[in-house]
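# Observations on the three-dimensional arrangement
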Amino acid sequence: MLTIGECRNLPQMPDIRRSHQLLVEHFDALIRGDTAAEATCDSHGVPSGKFDEVAETVLGEKPLNAWMGFEIKFIAMGAGWHEGVTATQRGRPRPPMCR
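Residues numbered from 1 in each chain as written. Predicted model: local features only at pLDDT ≥ 70, side-chain atom pairs only at ≥ 80, totals over all residues. Heavy atoms only, no water.

### Focus on the layout of surface pockets
Using the following cut-off: Site definitions follow a grid-based scheme: protein atoms alone, a 1 Å grid, a 1.4 Å probe that fits but cannot get out for cavities, and for pockets an open set with protein on both sides within 12 Å along at least five of seven lines, plus lining residues having an atom within 4 Å of a point. Grid points are joined across faces, edges and corners, and a volume is the space filled by probe spheres set on the points. Gly is put with the polar residues, along with every residue not named as nonpolar or charged; the nonpolar set is Ala, Val, Leu, Ile, Met, Phe, Trp, Tyr, Cys and Pro, and the charged set is Asp, Glu, Lys and Arg.
As a volume, the largest pocket reaches approximately 220 Å³. As for the largest pocket, its lining consists of Met 1, Thr 3, Asp 15, Ile 16, Ser 19, His 20, Leu 64, Asn 65 and Glu 71. Residue composition of the lining of the largest pocket, grouped by class: three nonpolar, four polar and two charged.

What follows is the structure in structure tokens.
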């Protein structure tokens, strides 16, 4: 969703800002909590199949953004926490995205 210019005047903007703030505040705990669940390096890492459950535990509520795990995956790819990422391949996770 574009959130600049006139597009930032959305009724959902408070939820978008709150979701982003929760992601920033709890990023480490979300990754650590998920890797403790089932995010192994043989799988696709974070988000694991238990990410929603982990996120609800860490945040103390159901995440406003249903795509938070997907968002974390893109951040991790950009941070270099996946090896072999190309325009067509999502690569293989490495720690801290898996254990």
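Still more to cover.
### A closer look at the nonpolar core
Put simply, the rule reads: Throughout, nonpolar core names a set of buried Ala, Val, Leu, Ile, Met, Phe, Trp, Tyr and Cys residues whose side chains join them through atoms within 4.5 Å. Each residue is placed in one exposure class: buried if its accessible area under a 1.4 Å probe, protein chains only, is under 20% of its type's maximum, exposed if it is over 50%, and partly exposed if it falls in between. Here a strand is any run of E in DSSP of at least two residues, a helix any run of H or I of at least four, and the numbering for each starts at the N terminus. Throughout, a contact is declared for two residues whenever any of their heavy atoms are within 4.5 Å.
Core analysis: the biggest nonpolar cluster contains 14 residues, and Leu 30, Val 46, Phe 51, Met 68 and Ile 72 have the highest contact counts within it. Counting only elements with at least two residues in this core, the list comes to α1 (13–37), α2 (51–59) and α3 (68–79). Per element, the largest residue contribution to this core is five residues, and it comes from α1. Excluding anything up to four places from it in sequence, Leu 30 contacts Leu 23, Phe 51, Val 54, Ala 55, Val 58, Met 68 and Ile 72.

### Considerations on the pattern of salt bridges
Think of it this way: side chains of opposite charge can pair up when their charged atoms draw near. How we decide: The salt bridge definition used is simple: a Lys or Arg side-chain nitrogen within 4 Å of an Asp or Glu carboxyl oxygen.
Counted according to the given criterion, the structure contains two salt bridges. Residue Arg 18 is joined to Glu 61 by a salt bridge in which the shortest nitrogen-to-oxygen separation is 2.6 Å. With Arg 18 in helix α1 and Glu 61 in the loop between α2 and α3, this pair connects stretches of sequence that are 43 residues apart. The exposure class assigned to Arg 18 is partly exposed, which follows from its relative accessible area of 38%. A residue is classified by how much of its surface remains accessible, and Glu 61, at 27% relative accessible area, is partly exposed. Linking Asp 28 and Arg 32 is a salt bridge whose minimum nitrogen-to-oxygen distance equals 2.9 Å. Here Asp 28 pairs with Arg 32, and both are found in helix α1, just four residues apart, close to one helical turn.

### Regarding the environment of Leu 23
Positionally, Leu 23 belongs in helix α1. Leu 23 sits 20 residues away from Ser 43 along the chain, and the two C-alpha atoms are 23 Å apart. Not counting chain neighbours up to four residues away, the residues in contact with Leu 23 comprise Leu 30, Met 68, Glu 71, Ile 72 and Ile 75.

### Topic: α2
In plain terms, the rule: In this description, the arc belongs to the directions extending from the helix axis to the C-beta atoms.
All buried positions along α2 are accounted for by Phe 51, Val 54, Ala 55 and Leu 59. For α2, the angular spread of buried residues about the axis comes to 115°, placing them on one side. Residues Glu 53 and Thr 57 are exposed on α2 and point more than 90 degrees away from its buried face. The secondary structure elements touched by the buried residues of α2 are α1 and α3.

### Quick word on the packing of aromatic side chains
The test is simple: Any Phe, Tyr or Trp ring, taking Trp's six-membered ring, that has another such ring centre within 6.5 Å forms a pair; planes under 30 degrees apart are called stacked, those over 60 apart edge-to-face, and the others tilted.
As enumerated under the stated definition, the model contains three aromatic pairs in all. Judged by centre distance (4.7 Å) and plane angle (80°), the rings of Phe 70 and Phe 74 are edge-to-face. Linking Phe 70 with Phe 74, this pair stays in helix α3, spanning four residues, or about one helical turn. Among the residues examined, Phe 70 registers a relative accessible area of 44% and is labelled partly exposed. Among the aromatic residues, ring-to-ring pairing joins Trp 67, Phe 70 and Phe 74 into one connected group.

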